[in-house]
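An overview of the molecular structure
If you want the building blocks of each chain, they are given just below.
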Amino acid sequence: MNAPIGVFDSGIGGLSVLQALQSALPHEHFVYLADNAHAPYGEKTDLYVRQRTHAITRYLLAHHQIKALVVACNTATAAAIHELRAQHPQLPLVGVEPALKPAVALSQTGHIGVIATRGTVASDKFARLLDSVQGQARFTVQACNGLALAIEQSTLPLQATPAQERITELLAQYTSAMGSFGTGPGQMDTLVLGCTHYVFAEKQLQALLGPDVRLVSTGEAVARQTRRLLEGAGLLSAGTAERSSPQGMALFTTGDLHGLQAAAERWLGLPHGSCHQAPAAI
C-alpha cells in the first residue's frame, strides 16, 4: 500500500526517528509534521499536549491519508497514545518511550542514567515503565528543562551559536547533577536519551561523559516495531527499488520553515524543497 506513514513530534527531535524509519523502510513514503509553533511539549500541561496530539492526528488522516502513525515524541506518547488507540482502532500506531529495557541489557555496572523532559519524567506512563524494571538496575533520572528548546534553536541561523553554547551548558549542568559517569563500581555506564531531540546532542554528550559511556536512544526499535505492524496488517509498500529521499519525504512545520529546512538538510540531507509550511488551522 503506497499511502504515506505519518510521523510527528513537537519539533525537530522526531527527525532522529524519521532517519531510522527511512533506513528500515526504504520503499515507504513519509509525511513528517514538526509542531514547532507549540514546542516544547515537555514543558506544557498534559491537557495541552493531548489536544495538540489529537489535532495533528486528525490533520494527517484527513489531508495526507496516512496508513500508520508514529508518535515520535516521548511526551506526546506518554500523554495521549492510549487515547489515540481508542479513537483510531484501525490505525497502526507506534509511540516512543525511554529505552530502559535495552539499557538494562547493555549496562555492566548496573547503574543507568535517564535524561528526559519534565513532561515525560512526571507522566504515569514513565512511572509504570520505571516500575517494570525495578530490581534489574539502579536508575538515576534527570528532567532537563530547556534542553529540547535549545536544540530546536540551534537550527536557526541567528540563534545557532548561542544555542550550541546553551546546549553544552545545560548538558554539563544536568549530567553533573546526576552523579558520576564511567565504568567503575557504582558509576553510570549507560545513559538513556529519553527525548528524541537529545539524539542531536550525542556528540556533546559523548565528549562530556567519555567514550566508555553508552548512549541509548529509541529510533531503531521504533522503526522495527513500525515494520512489524505494517507487515502484520499487509500495509507495506509494494515498491521494489529504494525511493530517493526527496521523493519519499514531505516535511511540514507549524513554526519557522527555515529552521526545519536547516535541520532536514543538516541531519537528513534533504533539500529545502522537501519542507513546507503547515496550515495555520491545525
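Higher on the page you've got the structure.
Described below are features of the structure shown in this document. (Residues numbered from 1 in each chain as written. Predicted model: local features only at pLDDT ≥ 70, side-chain atom pairs only at ≥ 80, totals over all residues. Heavy atoms only, no water.)

Before going further, it helps to spend a moment on the overall build of the protein chain. Along the backbone of the protein chain there are 12 helices and 10 strands. The globule rule puts the C-alpha radius of gyration for 282 residues at 19 Å, and the 18 Å found for the protein chain is close to it. Judged by the C-alpha coordinates and their principal axes, the protein chain covers about 50 × 45 × 40 Å. Across the 282 residues that make up the protein chain, the buried fraction comes to 54%. For the protein chain, restricting intrachain contacts to residue pairs at least 6 apart in sequence, the fraction spanning at least 24 positions comes to 76%. Here the protein chain has roughly 12000 Å² of accessible surface; of this, 51% comes from carbon and sulfur atoms. Across the protein chain, the 19 positively charged side chains and the 20 negatively charged ones have centroids separated by 5 Å. (Helix = DSSP H or I, 4+ residues; strand = E, 2+ residues; numbered from the N terminus. Rg over C-alpha atoms; globule rule 2.2 N^0.38 Å. Buried < 20%, exposed > 50% of the residue type's maximum accessible area, 1.4 Å probe, protein only. Contact = heavy atoms within 4.5 Å. Areas by Shrake-Rupley, 256 points an atom, 1.4 Å probe, with all protein chains shown as cover. Lys, Arg positive; Asp, Glu negative; His and termini not counted. Charge placed at Lys NZ, Arg CZ, Asp CG, Glu CD.)

The strand order across the open sheet formed by 4 strands is 6-5-7-8, and the pairing between neighbours is parallel. The two strands at the open ends of the sheet, each matched to only one other strand, are strand 6 (138–143) and strand 8 (214–216). Adjacent strand axes in the sheet meet at a mean angle of 20 degrees when their direction is disregarded. Of the pairings in the sheet, the one linking strand 5 (residues 111–116) to strand 6 comprises 6 bridges and is parallel in character. Paired with Ile115 across the strands is Gln142, a residue of strand 6. The strands that helix 8 (residues 160–178) touches are strand 5, strand 6 and strand 7 (190–193); relative to strand 6, the one it contacts most, it runs at about 145 degrees. (Pairing = 2+ DSSP bridges. Axes fitted to C-alpha atoms, helices over the stretch in contact; angles between N-to-C directions.)

This part covers the nonpolar core. Counting 54 residues, the largest nonpolar core has Val7, Leu15, Leu18, Val70, Leu191, Tyr198 and Leu251 as the members making the most contacts within it. Once residues lying within four places of it in the same chain are set aside, the contact partners of Val7 are Leu18, Leu21, Phe30, Val31, Tyr32, Leu33, Leu69, Val70 and Ala72. (Core = buried A, V, L, I, M, F, W, Y, C linked by side-chain atoms within 4.5 Å.)

Turning to the environment of Lys125, a few remarks are in order. Mapped onto the elements, Lys125 comes out in helix 6 (residues 124–132). Between the alpha carbons of Lys125 and Glu152 there is a distance of 25 Å; along the sequence they are 27 residues apart. Sequence-distant contacts of Lys125, defined by excluding residues within four places in its chain, comprise Thr77, Ala78 and Glu97.

A few words now on the environment of Asp212. With respect to the element layout, Asp212 can be found in the loop between helix 9 (202–209) and strand 8. On the basis of relative accessible area, Asp212 is assigned to the exposed category, the value being 54%. For Asp212, the residues in contact, after removing those within four places along its chain, are Thr183 and Asp189.

Read from one edge to the other, the open sheet built from 6 strands follows the order 4-3-1-2-9-10, with strand pairing classed as parallel. Sheet topology places strand 4 (93–95) and strand 10 (275–277) at the edges, where each strand pairs with a single neighbour. When strand polarity is set aside, the average angle formed by the axes of neighbouring strands in this sheet is 20 degrees. In terms of strand pairing, strand 3 (residues 68–71) meets strand 4 through 3 bridges, oriented parallel. When the sheet's bridge partners are listed, Val71 is paired in strand 4 with Gly95. Against the sheet, helix 3 (residues 74–87) engages strand 1 (5–9), strand 3 and strand 4, with an angle of about 165 degrees to strand 4.

A word on the pairing of strand 3. Along strand 3, one buried face is formed by Ala68 and Val70 and the opposite face, lined by Leu69 and Val71, is buried too. Bridge count between strand 1 and strand 3: 4 bridges; the pairing is parallel. Following the sheet pairing, Phe8 is matched in strand 3 by Val71. Crossover handedness for the path strand 3 to helix 3 to strand 4: right-handed. (Right-handed = clockwise from strand over helix to strand, strands pointing away.)

Another point: the pattern of salt bridges. Close approach of charged atoms allows side chains with opposite charge to pair. Under the counting rule described, the total for this entry stands at 6 salt bridges. The partner of Glu97 in a salt bridge is Lys125, with the nearest N and O atoms 3.9 Å apart. Within this pair, whereas Glu97 is found in the loop between strand 4 and helix 4 (100–106), its partner Lys125 is found in helix 6, the two being separated by 28 residues in sequence. (Salt bridge = Lys/Arg side-chain N within 4 Å of Asp/Glu carboxyl O.)

Taking 1.5 Å per residue, 14 residues should reach 20 Å; helix 3 reaches 20 Å between its end C-alpha atoms and fits that length. Listed in full, the buried residues belonging to helix 3 are Asn74, Thr75, Ala76, Thr77, Ala78, Ala79, Ala80, Ile81 and Leu84. Packed against the buried residues of helix 3 are strand 1, helix 2 (46–64), strand 3, strand 4, helix 5 (118–121) and helix 6. (Expected span 1.5 Å × (residues − 1).)

The next subject is unusual backbone geometry. That bond from Ala39 to Pro40 is cis: its omega, -5 degrees, falls within 30 degrees of zero. By the secondary structure assignment, Pro40 is in the loop between strand 2 (30–34) and helix 2.

Before going further, it helps to examine the side chain of Thr190. Along the chain, Thr190 turns up in strand 7. Note on Thr190: relative accessible area 0%, which makes it buried. Among the polar contacts made by the side chain of Thr190, one reaches the side chain of Asp189 at a distance of 3.0 Å. For Thr190, the contacting residues outside a window of four places in its chain are Ala103, Leu106, Ser107, His111, Ile112, Gly113, Val213, Arg214 and Val216. (Polar contact = N/O pair within 3.5 Å; in protein donor to acceptor, adjacent residues only side chain to side chain.)

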